[in-house]
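Letter by letter, the chains look like this.
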Amino acid sequence: MKLGIVGLPNVGKSTLFNSLTKAGAESANYPFCTIDPNVGIVAVPDERLDVLGKMHNSEKVVPAAIEFVDIAGLVKGASKGEGLGNQFLANIREVDAIVHVVRCFEDSNIIHVEGSVNPMRDIETINLELIFSDLEVLERRRAKAIKSAKNDKAMAAEVALLERLMAYMESGKLAKGFETESDEEKALLESFNLLTYKPVIYAANVRDDELADDAANNEHVQQVRAFAKEEQSEVFVICAQIEQEIAELDEDEKKMFLEELGLTESGLEKLIRASYHILGLISYLTAGPKETKAWTITRGTKAPQAAGKIHSDFERGFIRAEIVSYENLVECGSYNAAKEKGLVRSEGKEYVVQDGDVVLFRFNV
């Protein structure tokens, strides 16, 4: 899973990236200090892996991973070359979802590029830059498609779709709100890889004393929540500064620190939950003496395709999947004990893999 972090300068974007990835991206109180995109890979915390690793005396425990891409703070006119310009938006075209960091705290010591804190204005500024960037991509595609459209029905249909889509977006609307008229059009729209078609997770950056009650009394956060609900996005509340402090602690210290703040989970854990939810992802597990590992798949994936995540041969030569739920396996204490109790099932090609399934694939190539 790959997530791109966007936001205006000085909203806490690079501070958040630093804390999530411990990558040490430059973070300073002036715009455009993040010139090149910063990339960091983070392990997805999953206590089930530790339990299974110990149970099987695994040599290696391999969690799922998320790649974060942090680009320069965007300002009004970024798509036209203002600030560091549109080139940096290209760095997040390949991400699965966008994490939009929104400043929801007042602090006279930290400059806001627009001079005041107003999350709805900030969201609109970023969205317009993403729209302008997408329109540039669509215009280039349209110019190319027009040349082939005279003798090619499929290209003519693409031109018609592009023109409808561009007219829709020119009125300030995001591509994900555009209604397609057929499955073919939907597939084509998805292939354009537009920034404004990607799912969005809003990270509402607040003061540390607002974390315990999830910023219930913060009007800025309430506005972001209402907006996100309307556009079917996710929101989570974070204090980038606190996340940076958490990143320096070991696991035991981290738990104590979170408890002192009245929190049950870190911002990273909130973000991962929001990401998995908005992208419709789950994890199945494999366990053995060599390796215990989490595999991320889309909810609704059938057993052969889930097996293909491990290796294409597993999918090609799929025979069956032997499955036990994580809860049943832990309760029984071992795979053999679960098998004796009849809790290990043999499933075929139509089985839809569930979150927390511990799977052994049988295949023959």
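Further up the page is the structure itself.
Residues numbered from 1 in each chain as written. Predicted model: local features only at pLDDT ≥ 70, side-chain atom pairs only at ≥ 80, totals over all residues. Heavy atoms only, no water.

Would you mind going over the pattern of salt bridges in detail, with residue names and values included?
In total, this model carries 25 salt bridges according to the counting rule given. Among the ionic pairs, Asp214 bridges to Lys270, the shortest N-O distance being 3.8 Å. With Asp214 in the loop between β6 (200-205) and α6 (219-230) and Lys270 in helix α9 (residues 267-279), this residue pair connects regions lying 56 residues apart in the sequence. Across the pair Glu322 and Arg362 runs a salt bridge whose closest N-O atoms are separated by 3.1 Å. Of the two residues, Glu322 is situated in strand β10 (residues 318-325) and Arg362 in strand β12 (residues 357-363); the sequence distance between them amounts to 40 residues. (Salt bridge = Lys/Arg side-chain N within 4 Å of Asp/Glu carboxyl O. Helix = DSSP H or I, 4+ residues; strand = E, 2+ residues; numbered from the N terminus.)

Can you lay out the pairing of strand β8 (residues 281-286) for me, pointing to particular residues and giving the numbers?
In terms of burial, β8 is a largely internal element, six of the six residues being buried. Neither face of β8 is exposed, since Leu281, Ser283 and Leu285 on one face and Ile282, Tyr284 and Thr286 on the opposite face are all buried. One ladder, built from six bridges, connects β8 with strand β9 (residues 291-298); its direction is antiparallel. Bridge pairing links Ile282 to Ile297 in β9. As consecutive antiparallel partners, β8 and β9 are separated by four residues. (Buried < 20%, exposed > 50% of the residue type's maximum accessible area, 1.4 Å probe, protein only. Pairing = 2+ DSSP bridges.)

Go over the packing of helix α7 (residues 240-247) against helix α8 (residues 251-260), please, and point to the residues and values.
Orientation of α7 relative to α8, taken along the N-to-C sense of each, is 150 degrees, at an axis distance of 9 Å. Here α7 is positioned roughly antiparallel relative to α8, judged by the angle of their axes. Residues Ile242, Glu245 and Ile246 of α7 touch α8, and the partners they reach there are Lys254, Phe257 and Leu258. Here the contact of α7 with α8 is built from residues that sort into four nonpolar, no polar and two charged. (Axes fitted to C-alpha atoms, helices over the stretch in contact; angles between N-to-C directions. Parallel < 35°, antiparallel > 145°, perpendicular 65-115°, else oblique. Contact = heavy atoms within 4.5 Å. Nonpolar A, V, L, I, M, F, W, Y, C, P; charged D, E, K, R; others polar.)

Let's hear about the sheet that holds strand β7 (residues 234-238): which residues, and what values?
Spatially, β2-β4-β1-β5-β6-β7 is the arrangement adopted by the six strands of the open sheet, whose pairing is mixed. Here the strands that pair on one side only, and so sit at the sheet edges, are β2 (38-43) and β7. Neighbour-to-neighbour, the strand axes of this sheet turn through a mean angle of 25 degrees, independent of strand direction. Bridge count between strand β5 (residues 97-103) and β6: six bridges; the pairing is parallel. Across the sheet, the residue bridging to His100 is Tyr202, located in β6. Relative to the sheet, helix α3 (residues 119-149) contacts β1 (2-6), β5 and β6, its axis offset from that of β5 by approximately 145 degrees.

Kindly report on the nonpolar core, identifying the contributing residues and their values.
Core analysis: the biggest nonpolar cluster contains 67 residues, and Phe68, Ile92, Ile98 and Leu271 have the highest contact counts within it. At six residues, α9 tops the list of elements feeding residues into this core. Setting aside anything within four residues of it in sequence, one finds Ile92 in contact with Gly4, Val6, Val69, Ile71, Ile98, Leu195 and Lys198. Residues Ala145, Met166, Met169 and Leu194 belong to the second largest nonpolar core, which totals 17 residues. (Core = buried A, V, L, I, M, F, W, Y, C linked by side-chain atoms within 4.5 Å.)

Which residues make up the pairing of β6, and what are the values?
Counting buried positions over the six residues of β6 gives six, a clear majority of the element. The two faces of β6 match: Val200, Tyr202 and Ala204 on one face and Ile201, Ala203 and Asn205 on the other face are all buried. Pairing geometry for β6 and β7, over five bridges, is parallel. Looking across to β7, one finds that Asn205 is bridged to Ile238. The parallel pair β6 and β7, bridged by α6, forms a crossover whose chirality is right-handed. (Right-handed = clockwise from strand over helix to strand, strands pointing away.)

If you had to explain unusual backbone geometry to someone new, which residues and values would you point to?
The backbone phi angle of Asn57 is positive, close to 50 degrees, even though this residue is not glycine. Positive phi values are uncommon outside glycine, yet Gln232 reaches one of about 55 degrees. Note that Gln232 resides in the loop between α6 and β7. Residue classification places Gln232 among the exposed residues on the basis of a relative accessible area of 71%.

Can you tell me about helix α4 (residues 153-169), naming the residues and giving the values?
Relative to the 24 Å expected for 17 residues at 1.5 Å per residue, α4 spans 24 Å between its end C-alpha atoms, a close match to the ideal helical length. Of the surrounding secondary structure, the elements contacted by the buried residues of α4 are α3 and α5 (183-191). In this structure Asp152 caps α4, since a side-chain oxygen of it lies 3.0 Å from the backbone nitrogen of Ala154. (Expected span 1.5 Å × (residues − 1). Polar contact = N/O pair within 3.5 Å; in protein donor to acceptor, adjacent residues only side chain to side chain.)

Purely geometric stuff here, so don't read any function into it on its own.
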